[in-house]
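Structural description and commentary
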Amino acid sequence: MTALARGQTFAFRLDGTSQLLPALVNCVRTALLAEANKPAAAPTVPTADNTMQEMQLATNFLLATRLSNARVVNRSEVPAQLASIGTVWKSDNAVGAVRIYVPKPDQKGSDIASELISSDAKACHGKFASGRSNELVDDDVVFYALTSCGDTQGERAVQYFVTPWRKTGFAIFAVAKTPGSQDQEEPSSSTKVDMFKKAALGAAR
């Protein structure tokens, strides 16, 4: 797996994950420093703690899925819809993001899935479709949402996997197909969906 940051490429073997996190720490520190030096009108800078935890979640997720050439990337390399979620990643046939979500009082995973669907519906200016479900996986519930939009920007679909995180929070894992990829097995196939559910839950534990 490789991590890209400000023009530099860091390559790692999947069996040497202990080497990955220190490099990611340096990437995050550099990125946060650059963000902090932006004008006051810039968006709120995420905390280093949340960013590092999202990095770890993304890393664990990618290691579990074993997607081809998977790597954490700059936000500019993925669709804005995913870049707004949190830490982003890309592989040969898929792109995605991970976000730590602190719920409102009494807010459930199903509510978060519904909010994600509502947000995508507002951003779509064409034909929109969605679905939502939940499934018990290894004694924990994974909430699943799928949105599809067809407009002047083309056809695009995003899957969301919402899992429990540290008892009081949730982790949101988003997955979409890379534009122009020729993967024989779509990221939305039932086999891939089951794999993503287990990988998301395992990463958040």
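Our subject is the structure listed above.
My aim in this report is to walk through the structure given alongside it, one point at a time. Since the model is a prediction, treat every value here as computed from it, not as a measurement.

1. Describing unusual backbone geometry
The phi dihedral of Arg66 falls on the positive side, at around 55°, and the residue is not glycine. On the secondary structure map, Arg66 appears in the loop between helix H2 (48–65) and strand E3 (71–72). According to the relative accessible area criterion, Arg66 is exposed, its value standing at 63%. With phi around 50°, Asp138 is a residue other than glycine that occupies positive phi space. Tracing the backbone through its elements, the reader meets Asp138 in the loop between strand E6 (127–137) and strand E7 (140–151).

2. Things to note about the packing of aromatic side chains
Per the counting criterion, the structure on display carries 5 aromatic pairs. With centroids separated by 6.0 Å and ring planes inclined at 45°, the aromatic side chains of Phe61 and Trp89 adopt a geometry described as tilted. Of the two residues, Phe61 sits in helix H2 while Trp89 sits in strand E4 (residues 87–90), which places them 28 residues apart along the sequence. Residue class for Trp89 comes out buried when judged on its relative accessible area of 0%. Here the basic side chain of Lys197 rests over the ring of Tyr144, its NZ or CZ set 5.3 Å away from the ring centre.

3. Some details on the pattern of salt bridges
Counted by the stated rule, this structure contains 4 salt bridges. The residue Glu135 makes a salt bridge to Lys197 at a minimum N-O spacing of 2.6 Å. Separated by 62 residues along the polypeptide, Glu135 in strand E6 and Lys197 in helix H5 (residues 190–204) bring together distant segments of the chain. Using a relative accessible area of 32% as the deciding quantity, one classes Glu135 as partly exposed. According to the relative accessible area criterion, Lys197 is buried, its value standing at 7%. The salt bridge partner of Arg205 is Asp140, with a shortest N-O separation of 3.1 Å. Of the two residues, Arg205 is situated in the segment after H5 and Asp140 in strand E7; the sequence distance between them amounts to 65 residues. Given the relative accessible area of 26%, Asp140 is considered partly exposed.

4. Description of H5
With 15 residues, H5 extends 21 Å between its outermost C-alpha atoms, agreeing within 8% with the 21 Å of an ideal straight helix rising 1.5 Å per residue. Of the residues making up H5, those classed as buried are Lys192, Val193, Phe196, Lys197, Ala199, Ala200, Leu201, Ala203 and Ala204.

5. Some words on the state of the cysteines
Counting across every chain of the model gives 1 disulfide. Across the disulfide from Cys124 sits Cys149; the S-S distance is 2.0 Å. Across the disulfide from Cys124 to Cys149, rotation about the S-S bond amounts to roughly 85°, and the bridge is consequently right-handed. Highlighted residues: Cys124 in the loop between helix H4 (109–123) and E6 and Cys149 in strand E7, separated in sequence by 25 residues. On the basis of relative accessibility, which here comes to 9%, the residue Cys124 falls in the buried class. Note on Cys149: relative accessible area 5%, which makes it buried.

Parameters at a glance
- Sequence positions are assigned chain by chain, starting from 1 and proceeding in written order.
- In keeping with the model being predicted, local features are shown solely for residues with a pLDDT of at least 70 and side-chain atom pairs are shown and tallied solely at 80 or more, while totals for entire chains, interfaces and linings include all residues.
- Side-chain numbers here rest on the full set of heavy atoms in the structure, without hydrogens or water.
- Segments assigned H or I by DSSP are reported as helices when at least four residues long, segments assigned E as strands when at least two residues long, and all are numbered from the N terminus.
- Each residue's exposure class comes from its accessible area (1.4 Å probe, protein chains only) as a fraction of the maximum for that residue type: buried when under 20%, exposed when over 50%, partly exposed otherwise.
- Ring pairs are drawn from Phe, Tyr and Trp, using the six-membered ring of Trp, whenever the two centres fall within 6.5 Å, and their geometry is named by plane angle: stacked under 30 degrees, edge-to-face over 60, tilted for the rest.
- Geometrically, a charge over a ring is one whose NZ (Lys) or CZ (Arg) sits within 6 Å of the ring centre while staying within 35 degrees of the ring normal.
- A pairing counts as a salt bridge when a side-chain nitrogen of Lys or Arg comes within 4 Å of a carboxyl oxygen of Asp or Glu.
- Take the number of residues in a helix, subtract one, and multiply by 1.5 Å to get its expected span.
- Two cysteine sulfur atoms make up a disulfide if the distance between them is within 2.5 Å.

Note that every value here comes from positions in space, so none of it alone points to a role or purpose.
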